[in-house]
2 protein chains.
Amino acid sequence: MAPAEPEAVPFRPKGEVPFFPEEREGWKGYIEWEKYPEKKKKAEEILSNYDFPNPPEFQLCPLPDKNPVLEGVRWKQYHEAMGPTLKNIPDVSWDYVKKEKSPDMIHVLQFPYNGEPPRNRLVANEHTTNADHFVRNHGGVPEIDADQWSLDISGLVNNPQRLTLADLKDESRFPRQTNVVTIQCSGTRRIEQIHEYPGDGDELINAPWGEGAIGTARWTGVSLKKIIKYCGGLKEGAQHLEFYGADTYFKKSKVYNYVVSVPWRKVKLNEVLVAWEMNGEPMPRIHGFPVRTVAFGYIGARSCKWLYEIKAIEEPSLAPVQMKEYLYYTPQVGKQNAMYSNGFSIQDMPVSSAIMSPVNMDQIVHDGKIKLRGWAYSGGGHWPVRVEVSGDGGSVWYEVQYEQMTKKYYHAWRLWEIDMPVDAEGWLEFCVRTWDNALNTQPTFVRSAWNWDLHVTSSCHRIKIYSINRSKPVTAARLELLKKKGIPIVPITHPLEIDLESEEDYTRRMRAQGGREPDE
Amino acid sequence: MAPAEPEAVPFRPKGEVPFFPEEREGWKGYIEWEKYPEKKKKAEEILSNYDFPNPPEFQLCPLPDKNPVLEGVRWKQYHEAMGPTLKNIPDVSWDYVKKEKSPDMIHVLQFPYNGEPPRNRLVANEHTTNADHFVRNHGGVPEIDADQWSLDISGLVNNPQRLTLADLKDESRFPRQTNVVTIQCSGTRRIEQIHEYPGDGDELINAPWGEGAIGTARWTGVSLKKIIKYCGGLKEGAQHLEFYGADTYFKKSKVYNYVVSVPWRKVKLNEVLVAWEMNGEPMPRIHGFPVRTVAFGYIGARSCKWLYEIKAIEEPSLAPVQMKEYLYYTPQVGKQNAMYSNGFSIQDMPVSSAIMSPVNMDQIVHDGKIKLRGWAYSGGGHWPVRVEVSGDGGSVWYEVQYEQMTKKYYHAWRLWEIDMPVDAEGWLEFCVRTWDNALNTQPTFVRSAWNWDLHVTSSCHRIKIYSINRSKPVTAARLELLKKKGIPIVPITHPLEIDLESEEDYTRRMRAQGGREPDE
């Protein structure tokens, strides 16, 4: 395997530096692309002048051992090529990471920012703190003045409207709604799929997420259903609602705003919120300030940040994030035959779970029980009803007791813990599976559900644990000896300087076994 | 995971520099330890003054991407600490690597030298060339003048003898014997065990071998049975023959010559050769010049290089390589409970095989068939009678035809090849298993036979292959399109700049499928 290619090729503008003005006063870093086909065309021409550097090879090689794991040079250069309005967006965005997120976040991709909290803290609170909540951005952070923000409701609605934040907060017009909702990136646990088999090398790096691209918060805002009602309802034929985000998105050398859609039937259930509060605080900039959507039980990509327009349309959006991304392919589809129409669109998230403590490769001294902690989630309005863990790769299962799980929500995870009996020593495979209220459970192995775009790693989460069971006399004796000599037992790969057995003991035991060879 | 520790801690002699003279004229780099307990004791005292650097962590981290993979600094320093006689042995040994081995060997461990040939060449010849034959040394290369070499036959023999090379070559006294013999290191394919679960971190690094720590040569010499007969046979009670090699070996801060033993019953079968030719040429220095043993069907460790003494004894040798190394533990035994008496001693090698072409992670364009090539071997006088390959991880098996296997030997491998039908595209798991004449076959998975000392990876060899089947119309069309545009399909992880499908085709196909959502 080749080493990772160096990412950094310095950017040099080609031709005249373009200028795309910001669209609105008080909105920094927002270029409106969707309304101006000629602007999109010009941007495409500019991009075609460049030979952007390939993202570094990180799938066929070991991941870089650093934080951030990947930098996103190509995406930075896309922004730089768009001229002064977007040139500094990578720096601005990184500043918000430092300002708004916990200092020990695991930065998976620097730009656009993708990061998850340390494993132990993810399951420390039923509701994730704003600082710890994972971030999966598709572009830079636009800086929008809340007082100058407004939202256009357009397309196939009877009375198109422009609403300010003050309008939305006016409870005489819009009843306020707060929900505890888990948002999950469909890339959660992608690292396991990458380790199994490398997949699509997207222009926007398919970030090698761990188990932390999931978080739970109390979101406050207005049900989108009420807003549509306020606009006189939908016109005949309208079936989907398209969300426009102020960040700039790139796909196949073309430029866009971030656009996705959800079906009206979802909105009708009051399961799509137009939200301005996260855990009782104003929306953090990096999470979509001032206003974003929150689509319950759906893939995180439908919860559109820096929202500025909602358009009623007939069919699902043809914007790239909806049409060309977040597709789930059958395992035999790949670079040689993938299309947009032969993958299905990921909306509802399936049942899944993860062990957050201990972590993979831990070497644990215990007395016959090991405490496991983790999360369990099911989207689409389902909830986890049973969590089962196994210490032998999935043959014998232990059920997590009701008292050891956090409360049920229609749209949120449950945290769980269990003291699992562990007798065996050596390397063991711990795994977890969850059953939701519809009896859905998880695929058995990563291979069972591997897919080209490396989405939705919902297979049983497996970790390798080295078990050192102090309740075994031989083990207890060796631990005692090592303690006396001040030699730690971990890491187990560290050579043990002491003799494992005296020549006398060895000879006696070998003879008792009848020696190394038969007598006759 | 922590990054690999830096290996290089410069060596600084502590106290007076010791001097251990060479034992014999014409023998450079050979210190006799086994005859002089007081010398051993002095060496032990010297070693105890040092705090030798830990070997770098390579099991819990990705392997260093270089050649040599590991340097062996600690082992070099052991030699340096022994004073001027051994100080330069690492350099001398490395010079023989450069002089006697192919320039493109995969150097797994620089000192003591461990290296294997490139995969394609290993199966290029039924008999491995001397330059390509793997090397697994346990110490440095002593430089012995053949004219001044002699071999002592000692211990429980009726007439102890000292024999020169001229004596051994005297066909009036000793009938000459040539055999085609495969020698295999029990570490072959260890990398697979390390990837599955890290194991013992030995002072002498457990080298992360690939599939190439195996080789086949025509060895010429005298059957040890004839030598024992020449010495008047064994005395009452003698059951084993202990071999002494002139290289210096270290274990748990003590110093030794390389010493192992084989049972007399093996020798009686004329299956242990005292050999001075390899493929018709004088023994290469790095392979044991002038004389070594070759124990047929046994683990390579019993084929003792730089042989200078053979001693008849009652029980298997208590020397560290025989008593403390090459033990096979049950999977639940590890650092916390491993002893020398609770692992069994590896002698006969079991049936095993490997796919040498294609190689793991290859991405292959084909027309419905992929050619596989590899080796198959079984030790202990067994031979491979059937090789089977699978393209689906081991559900459907294809038998390699007789004409596609090299000839049978009692003590050598068979090379094989097959054009395996491959219909499916995407990531597939190819694997091979072999049946020997006693119907032994291989464990299914690495986990099935993982063991703490990471020996004998005899489980079915599995490789991940990405299949691109040009006989599929959709694939053929895309390959044609990419060819026209001059875009290579590999590596598959490289982003594809072209659009996968036009908006028109997408819309048409989506509508034909009934759209993304149900109508009702």
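Residues numbered from 1 in each chain as written. Chains lettered and ligands numbered in written order. Predicted model: local features only at pLDDT ≥ 70, side-chain atom pairs only at ≥ 80, totals over all residues. Heavy atoms only, no water.

1. Points about the overall build of chain A
Consideration 1: Across its full length, chain A holds 12 helices and 25 strands.
Consideration 2: Here the C-alpha atoms of chain A give a radius of gyration of 26 Å, agreeing with the 24 Å that 2.2 N^0.38 yields for 520 residues.
Consideration 3: Split into buried and exposed, the 520 residues of chain A put 62% on the buried side.
Consideration 4: Partitioning the contacts of chain A with sequence separation of at least 6, the portion at a separation of at least 24 is 73%.
Consideration 5: Accessible surface computed for chain A: about 19900 Å², of which carbon and sulfur atoms make up 50%.
Consideration 6: One way to put it: in chain A the 64 positive side-chain charges average out to a point 3 Å from where the 70 negative ones average out. (Helix = DSSP H or I, 4+ residues; strand = E, 2+ residues; numbered from the N terminus. Rg over C-alpha atoms; globule rule 2.2 N^0.38 Å. Buried < 20%, exposed > 50% of the residue type's maximum accessible area, 1.4 Å probe, protein only. Contact = heavy atoms within 4.5 Å. Areas by Shrake-Rupley, 256 points an atom, 1.4 Å probe, with all protein chains shown as cover. Lys, Arg positive; Asp, Glu negative; His and termini not counted. Charge placed at Lys NZ, Arg CZ, Asp CG, Glu CD.)

2. Let's talk about the interface of chain A and chain B
Consideration 1: With 85 residues of chain A at the interface, the matching set in chain B holds 85 residues.
Consideration 2: Buried surface at the junction of chain A and chain B, summed over both partners, amounts to about 7400 Å²; 51% is from carbon and sulfur atoms.
Consideration 3: Together, Lys335, Gln336 and Trp427 of chain A form the three largest contributors to the area buried by chain A at its contact with chain B, with a combined 11%.
Consideration 4: Here chain A is connected to chain B by eight salt bridges.
Consideration 5: One salt bridge in this structure joins Glu497 of chain A and Arg74 of chain B, with 2.9 Å as the shortest N-O distance.
Consideration 6: Linking chain A to chain B there are 55 residue pairs in polar contact (both at pLDDT 80 or more).
Consideration 7: Listed by contribution, the elements that provide at least two residues to the side of chain A that touches chain B are helix 7 (190-196), strand 17 (344-345), strand 24 (426-436), strand 25 (461-469), helix 11 (473-485) and helix 12 (503-512) of chain A.
Consideration 8: Its residues assigned to classes, the side of chain A that touches chain B shows 38 nonpolar, 23 polar and 24 charged. (Buried area = accessible area lost by both parts, 1.4 Å probe. Salt bridge = Lys/Arg side-chain N within 4 Å of Asp/Glu carboxyl O. Polar contact = N/O pair within 3.5 Å; in protein donor to acceptor, adjacent residues only side chain to side chain. Nonpolar A, V, L, I, M, F, W, Y, C, P; charged D, E, K, R; others polar.)

3. Topic: the UniProt feature "domain: Oxidoreductase molybdopterin-binding" (unreviewed entry) in chain A
Consideration 1: Those places that UniProt annotates as "domain: Oxidoreductase molybdopterin-binding" (unreviewed entry) correspond, in this numbering, to residues 138-318 of chain A.
Consideration 2: A distance of 17 Å separates the end C-alpha atoms of residues 138-318 of chain A, which is 13% helix and 40% strand. (UniProt positions renumbered as here; feature names shortened; annotations may be inferred.)

4. Examining the pattern of salt bridges
Consideration 1: On inspection of all chains with the given rule, the structure shows 70 salt bridges over all chains.
Consideration 2: A salt bridge links Arg462 of chain A to Glu429 of chain A; its shortest N-O distance comes to 2.9 Å. With Arg462 of chain A in strand 25 and Glu429 of chain A in strand 24, the pair connects residues that are 33 residues apart, well separated along the chain.
Consideration 3: The residue Lys41 of chain B makes a salt bridge to Glu45 of chain B at a minimum N-O spacing of 3.8 Å. With Lys41 of chain B and Glu45 of chain B both in helix 1 (residues 37-48), this residue pair falls four residues apart, about one helical turn.
Consideration 4: By relative accessible area, which is 45% here, Glu45 of chain B ends up partly exposed.
Consideration 5: Look at the salt bridges and you will find they share partners, linking Lys371, Arg373, Glu417 and Asp419 of chain A into a network.

5. Some details on helix 2 (residues 73-81) of chain B
Residue and element names in this part refer to chain B.
Consideration 1: Within helix 2, eight of the nine residues are buried, which leaves the element mostly enclosed by the surrounding structure.
Consideration 2: Along helix 2, the residues that are buried comprise Val73, Arg74, Trp75, Lys76, Gln77, Tyr78, His79 and Ala81.
Consideration 3: Buried residues along helix 2 sit against helix 1, helix 3 (84-87), helix 4 (89-100) and strand 10 (240-251).
Consideration 4: Looking one or two residues past helix 2, Gly83 carries a phi angle of roughly 90°, positive in sign.

6. Here we look at the domain arrangement of chain A
Residue and element names in this part refer to chain A.
Consideration 1: Looking at the assigned domains, one finds that chain A contains domain 1 (27-328), domain 2 (352-469) and domain 3 (473-512).
Consideration 2: At the interface, 36 residues of domain 1 touch 34 residues of domain 2.
Consideration 3: For the pair domain 1 and domain 2, the summed buried area comes to about 3400 Å², and 57% of that belongs to carbon and sulfur atoms.
Consideration 4: When the buried area of domain 1 at its contact with domain 2 is split by residue, Val123, Arg189 and Gln193 rank highest and sum to 22% of it.
Consideration 5: On the surface where domain 1 and domain 2 come into contact, there are 25 residue pairs in polar contact (both at pLDDT 80 or more).
Consideration 6: Listing elements by their share of the side of domain 1 that touches domain 2, those giving two or more residues are helix 5 (119-122), strand 8 (176-184), helix 7, strand 9 (214-223) and strand 16 (327-328).
Consideration 7: With five residues, helix 7 is the largest single contributor of residues to the side of domain 1 that touches domain 2.
Consideration 8: Here the side of domain 1 that touches domain 2 is composed, by residue class, of 13 nonpolar, 14 polar and nine charged. (Domains from an automatic or database assignment.)

7. A short note on the pairing of strand 9 (residues 214-223) of chain B
All names here are of chain B.
Consideration 1: Counting buried residues in strand 9 gives nine out of 10 residues, a clear majority hidden from the surface.
Consideration 2: Bridge count for strand 8 (residues 176-184) against strand 9 is nine bridges, and the pairing is antiparallel. Considered in strand 9, the bridge of Thr178 is made with Thr220.
Consideration 3: Where strand 9 and strand 12 (residues 272-278) come together, five bridges link them in antiparallel fashion. Each residue of the ladder has a partner; that of Gly221, found in strand 12, is Ala275. (Pairing = 2+ DSSP bridges.)

8. Some details on the sheet that holds strand 2 (residues 106-109) of chain B
Residues and elements named next belong to chain B.
Consideration 1: Pairing is antiparallel in the open sheet, where three strands are placed in the order 2-3-4. Of all strands in the sheet, those bounded by a partner on one side alone are strand 2 and strand 4 (135-136).
Consideration 2: Bridging between strand 2 and strand 3 (residues 114-116) involves three bridges; their strand directions are antiparallel. Bridge pairing in strand 3 places Ile106 opposite Glu116.

9. Topic: the sheet that holds strand 18 (residues 352-357) of chain A
All names here are of chain A.
Consideration 1: Spatial ordering of the open sheet is given by 18-20-23, a layout of three strands whose pairing is antiparallel. With one partner strand each, in any of the chains shown, strand 18 and strand 23 (414-421) form the two edges of the open sheet. Within this sheet the neighbouring strands show an average axis-to-axis angle of 30°, counted without direction. (Axes fitted to C-alpha atoms, helices over the stretch in contact; angles between N-to-C directions.)

10. Describing the pairing of strand 20 (residues 369-377) of chain A
Consideration 1: With five bridges joining them, strand 18 of chain A and strand 20 of chain A adopt antiparallel strand pairing. The residue bridging Ile355 of chain A from the neighbouring strand is Gly374 of chain A, located in strand 20 of chain A.

11. Looking at the UniProt feature "domain: Moybdenum cofactor oxidoreductase dimerisation" (unreviewed entry) in chain A
Consideration 1: The UniProt record marks residues 345-466 of chain A with the feature "domain: Moybdenum cofactor oxidoreductase dimerisation" (unreviewed entry), using the residue numbering of this structure.
Consideration 2: A helix fraction of 0% and a strand fraction of 44% characterise residues 345-466 of chain A, whose end C-alpha atoms lie 39 Å from each other.

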